[in-house]
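Residue-level structure breakdown
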Amino acid sequence: MSSLDVQDFIQQNRAVAEQVETYRGYWESDKHWEPRREFILRNLNDFEDSQLDHLLSLSMVWANNVFLGCRYSTELLEKVKEMAEGIVVEDAPVFKTRDEIVKKQQVCL
């Protein structure tokens, strides 16, 4: 689902779109919210109403990994990356672990 597809979906499904908008955290900038909203919309049909909290949690795991560099188990990251396949995040930050930085410094010495 590209950003145009998301906009089309929102236009055609106002009630769903308005409900999804209520899941936005007050701290989320447009840059963070728009990809997370796309994540939710792409995967909404794969979760029953009783599993909505699980989907929202997975969307936060994905967003926290992409935008804040938070690390999670390999299994969990593989799952959310698969769920987010095709979502384009412009200007996403690049994070390095402490081990990567130390290794690079050792090579330079």
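These numbers come from a predicted model, not from an experiment.

1. Brief notes about the overall build of the protein
- Helix and strand content of the protein: 6 helices and 0 strands.
- Counted from the first residue to the last, the protein has its helices and strands arranged as α-α-α-α-α-α.
- Each of the three principal axes of the protein carries a C-alpha extent, and together these read 60 × 25 × 25 Å.
- Classification of the 109 residues of the protein by burial places 31% in the buried group.
- Summarising the internal contacts of the protein: among those between residues at least 6 apart in sequence, 53% fall at separations of at least 24.
- Here the protein contributes 13 positively and 20 negatively charged side chains, and the mean placements of these two sets differ by 10 Å.

2. Brief notes about the side chain of Arg36
- Following the sequence through the fold, Arg36 ends up in helix α3 (residues 30-43).
- Within the structure, the side chain of Arg36 is placed 2.8 Å from the backbone oxygen of Tyr23, a separation counted as a polar contact.

3. A few points about the pattern of salt bridges
- Under the definition given, this model contains 4 salt bridges.
- Between Arg37 and Glu21 there is a salt bridge; the shortest N-O distance is 3.0 Å. Pair noted here: Arg37 is in helix α3 and Glu21 is in helix α2 (residues 14-21), with a separation of 16 residues, a long-range link.
- What makes Arg37 buried here is its relative accessible area of 11%.
- By relative accessible area, Glu21 is classed as partly exposed at 32%.
- Among the ionic pairs, Arg42 bridges to Glu38, the shortest N-O distance being 3.2 Å. In this pair, Arg42 and Glu38 both sit in helix α3, 4 residues apart, roughly one turn of the helix.
- Residue Glu38 is classed as buried on the basis of its relative accessible area, which comes to 7%.

4. Here's the deal with the nonpolar core
- Counting residues in each nonpolar core, the largest one holds 23 residues, and the members touching the most others are Phe39, Trp62 and Val80.
- Beyond its immediate sequence surroundings of up to four residues, Phe39 is in contact with Leu55, Leu58, Ser59, Trp62, Val80, Met83, Ala84 and Ile87.

5. Focus on the side chain of Asn43
- Tracing the backbone through its elements, the reader meets Asn43 in helix α3.
- For Asn43, a relative accessible area of 6% gives the class buried.
- In this structure the side chain of Asn43 is engaged in a polar contact, spanning 3.3 Å, whose partner is the backbone oxygen of Met83.
- Residue contacts for Asn43: discarding those within four places in its chain leaves Leu55 and Met83.

6. Topic: the environment of Tyr26
- Looking at where Tyr26 falls in the secondary structure, it is placed in the loop between α2 and α3.
- Tyr26 sits in the exposed class, given a relative accessible area of 79%.
- Put simply, Tyr26 and Asp49 are 23 residues apart on the chain and 23 Å apart in space, counted from C-alpha to C-alpha.

7. Some thoughts on the packing of aromatic side chains
- With the rule as written, the count across this model stands at 2 aromatic pairs.
- Consider the rings of Tyr26 and Trp27, whose centres lie 5.2 Å apart with planes at 85°: the pair is edge-to-face. Both residues of the pair, Tyr26 and Trp27, belong to the exposed class.
- Judged by centre distance (5.5 Å) and plane angle (20°), the rings of Phe39 and Trp62 are stacked. Of the two residues, Phe39 is situated in helix α3 and Trp62 in helix α4 (residues 52-68); the sequence distance between them amounts to 23 residues.

Conventions used here
- Residues numbered from 1 in each chain as written.
- Predicted model: local features only at pLDDT ≥ 70, side-chain atom pairs only at ≥ 80, totals over all residues.
- Heavy atoms only, no water.
- Helix = DSSP H or I, 4+ residues; strand = E, 2+ residues; numbered from the N terminus.
- Buried < 20%, exposed > 50% of the residue type's maximum accessible area, 1.4 Å probe, protein only.
- Contact = heavy atoms within 4.5 Å.
- Lys, Arg positive; Asp, Glu negative; His and termini not counted.
- Charge placed at Lys NZ, Arg CZ, Asp CG, Glu CD.
- Polar contact = N/O pair within 3.5 Å; in protein donor to acceptor, adjacent residues only side chain to side chain.
- Salt bridge = Lys/Arg side-chain N within 4 Å of Asp/Glu carboxyl O.
- Core = buried A, V, L, I, M, F, W, Y, C linked by side-chain atoms within 4.5 Å.
- Phe/Tyr/Trp six-rings, centres within 6.5 Å; stacked < 30°, edge-to-face > 60°.

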